[in-house]
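# Survey of secondary and tertiary structure
So you can see what is in the structure, the chains are spelled out below.
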Amino acid sequence: MPSDLARLPPHIPYSRALQQRLFLLAQRLSRRARSPAAARRGLDQLHAQLLLNGFPRKRFLLAKLLSLAAAAADLPRAESLFLLSSSPAPPTLANLLLRAAAASGAAPPAMLALFSRLVARHGLRPNAFSFSTLLAALAAAGAGALPHARALHARAIAGGALASSGGYVMTSLVDAYAAARRLEDARKMFDEMPTRTAAAWNCMLAAYVRCGEVDAAMRFFVGMPWRDAVAWTTVIGGCANAGRAAEAVELFYGMRKARVKDDAVTMVSLLTACAELGDLELGRWVHARVDWEGRERRTVLLDNALIHMYVKCGAVEDALRLFFEMPRRSTVSWTTMISGLAMNGRAEEALDLFHRMQERPDGATLLAVLWACSHAGRIDHGRQYFENMERVYGITPEIQHYGCMIDMLCRGRQLYKALNLVEKMPFQPNEGAWGAILSGCRREGNLELAAKVTDKLIELQPERAAGHLALLSNIYADVGQWDQARMVRERMAALSAEKPAGRSWVNPNQTSMMVA
């Protein structure tokens, strides 16, 4: 197969035709840069050609190099390329350097320091794209970036960027304030916009959803002057992720009635709702719809959502079939399938699949593996995975991993080893850890420890004191300690507490489901 260079015009040294040849190569490499690795290969190839042909400082070619460096998330390379440009810094090149910094995951202080250097040393006059790039990076950093967002807000006002950007920078500020959970500031910025684009309306809607204000998001959605696919998908996803799956499904039907075309992101949100409801029939309809529309609509994210829906609905064979048919799998794909097998009582298969895993596991994967070990009764294997997390996989155990390991030891009637792990863990034990110990006390009939653990749980969760005391009362009753059981019940009455009631719902497409 001929190389990219072989298909371009013949080499003519130091001519306009050569520059055109290199520019065409740059465009072709940019189109193929669909991943950081591919972008890095293209960057190396193009950079070598520019150096060989004597064009390392041509601005339009430098811009292509910087664009590839940004796609490759290679900030050091981007900075060295930028320094080849003349001063004052062309805004296009400076903005591409900022984009490379954002793509590389630079911390907010580093982003702001780079911005300040570009302004002070290289004469950058920031425009709307400069501020929007920085604010998008700050939004990705979350609440910790709030002081930096406020600083950029002030600089944008001082530089006139708010007034001249047509709402572009103001929309980015709405997103940054929402990411920092400053909903009032986000709404104030939205209300101050002289004109509001569809992007601004959608950004404010997403701000309500991101801050957990789903009811307010629904009211805002109803009042929007237009509702495109992004708006519908935002509220469907917001309801699905807030445990309001039935509303998410109704919204999807409303979207179809309004003749708004859905997309892959809409389908992911709908599948989340199907998984929550256990609605296998609707989930299968989504799968058939996606297959009918062709492979070009399929993404790894969508396939992962389909697998999650199937395992949550108990259709493990369908999930496995889809998993093995996937042309590409991510770490999330493997993790979803491993945890799905474990939760459906197929823990041995889950562990076997982990041993065949082709992607690098992450913390969620190891949590699923520990859970599978717990349910397969393979305590020694579970302890080995847990102890090797940092050394073999480079993953620092989090409180969820400790909690799973504690539960595993308690299930294996190794109560005091579990208690020792609770006392040694580098976190303040939470209700999950103490709850596992209390369940272990019940299995082994350890009344003294059960009473102490119950006090710990009540201290952590006073609003659920009744449930914990009820369990302690049952532990006493299990071994015939009726007086102690009665005293605990009296304590419950004295607290005027009520054990939280269970709840249930009925899915018309499936069977009843219960949640305690």
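Residues numbered from 1 in each chain as written. Predicted model: local features only at pLDDT ≥ 70, side-chain atom pairs only at ≥ 80, totals over all residues. Heavy atoms only, no water.

Let us look at the packing of helix 3 (residues 59-71) against helix 5 (residues 91-103). For the pair helix 3 and helix 5, interaxial distance at closest approach is 8 Å and the crossing angle is 10 degrees. Classified by the angle their axes make, helix 3 and helix 5 are roughly parallel. Of the residues in helix 5, those touching helix 3 at Arg59, Leu62, Ala63, Leu66, Ser67, Ala69 and Ala70 are Leu93, Leu96, Arg99, Ala100 and Ala103. Looking at the contact of helix 3 with helix 5 residue by residue, the classes come out as 9 nonpolar, 1 polar and 2 charged. (Axes fitted to C-alpha atoms, helices over the stretch in contact; angles between N-to-C directions. Helix = DSSP H or I, 4+ residues; strand = E, 2+ residues; numbered from the N terminus. Parallel < 35°, antiparallel > 145°, perpendicular 65-115°, else oblique. Contact = heavy atoms within 4.5 Å. Nonpolar A, V, L, I, M, F, W, Y, C, P; charged D, E, K, R; others polar.)

Of all hydrophobic cores here, the largest spans 173 residues; its most connected members are Met204, Met337, Ile406 and Ile437. Of all the elements, helix 16 (residues 264-277) adds the most residues to this core, at 9 residues. Once you skip the residues sitting within four places of it in the chain, Ile437 turns out to touch Ile406, Cys410, Leu415, Ala418, Leu419, Val422, Leu449 and Val453. (Core = buried A, V, L, I, M, F, W, Y, C linked by side-chain atoms within 4.5 Å. Buried < 20%, exposed > 50% of the residue type's maximum accessible area, 1.4 Å probe, protein only.)

Let's shift gears to the pattern of salt bridges. Side chains that differ in charge, positive against negative, can pair when their charged atoms come close. If you walk through the whole model with that rule in mind, you get 23 salt bridges. For the salt bridge of Arg356 with Asp352, the shortest nitrogen-to-oxygen distance reads 3.5 Å. Its relative accessible area of 39% is what places Asp352 among the partly exposed residues. With a closest N to O distance of 3.0 Å, Glu490 and Arg486 form a salt bridge. Separated by 4 residues within a single helix, Glu490 and Arg486 lie in helix 29 (residues 482-494), roughly one turn from each other. Look at Glu490 and you get partly exposed, because its relative accessible area is 44%. (Salt bridge = Lys/Arg side-chain N within 4 Å of Asp/Glu carboxyl O.)

For the rest of this paragraph, the subject is the confidence of the model for the protein chain. The predicted model of the protein chain has a mean per-residue pLDDT of 85, with 89% of residues at 70 or higher. Least confident of the elements in the protein chain is strand 2 (residues 512-515), whose mean pLDDT is 32; most confident is helix 13 (residues 214-222), at 96. Long-range and interchain partners of residues 8-12, a stretch whose pLDDT sits below 50, account for 12 contacts in this model, where long-range means more than four residues apart. Every residue in residues 497-516 scores below 50 in pLDDT, and together they form 31 contacts with partners more than four places removed in sequence or on other chains. (pLDDT = per-residue confidence, 0-100.)

The next subject is the packing of aromatic side chains. Under the defined criterion, the tally for this structure stands at 14 aromatic pairs. Taken together, the ring pairs connect Phe190, Trp201, Tyr208 and Phe220 into an aromatic cluster. Its end group placed over the ring of Phe221, Arg227 keeps NZ or CZ at 5.2 Å from the ring centre. (Phe/Tyr/Trp six-rings, centres within 6.5 Å; stacked < 30°, edge-to-face > 60°. Lys NZ or Arg CZ within 6 Å of the ring centre and 35° of its normal.)

Within the chain, Arg181 stands out as a residue other than glycine whose phi angle is a positive 65 degrees. Here Arg181 shows up in the loop between helix 10 (168-179) and helix 11 (183-192). Look at Arg413: it is not a glycine, yet its phi comes out positive at around 55 degrees. Mapped onto the elements, Arg413 comes out in the loop between helix 24 (399-411) and helix 25 (415-424).

What follows is about the packing of helix 15 (residues 245-257) against helix 17 (residues 280-292). At a minimum axis distance of 13 Å, the contact between helix 15 and helix 17 shows a crossing angle of 40 degrees. One element, helix 15, and the other, helix 17, form an angle in the oblique class. Between helix 15 and helix 17 lies a crossing whose hand is left-handed. From helix 15, Val249, Phe252, Tyr253 and Arg256 reach across to helix 17, where they touch Leu282, Trp285 and Arg289. Here the contact of helix 15 with helix 17 is built from residues that sort into 5 nonpolar, no polar and 2 charged. (Left-handed = near helix turned anticlockwise from the far one by under 90°.)

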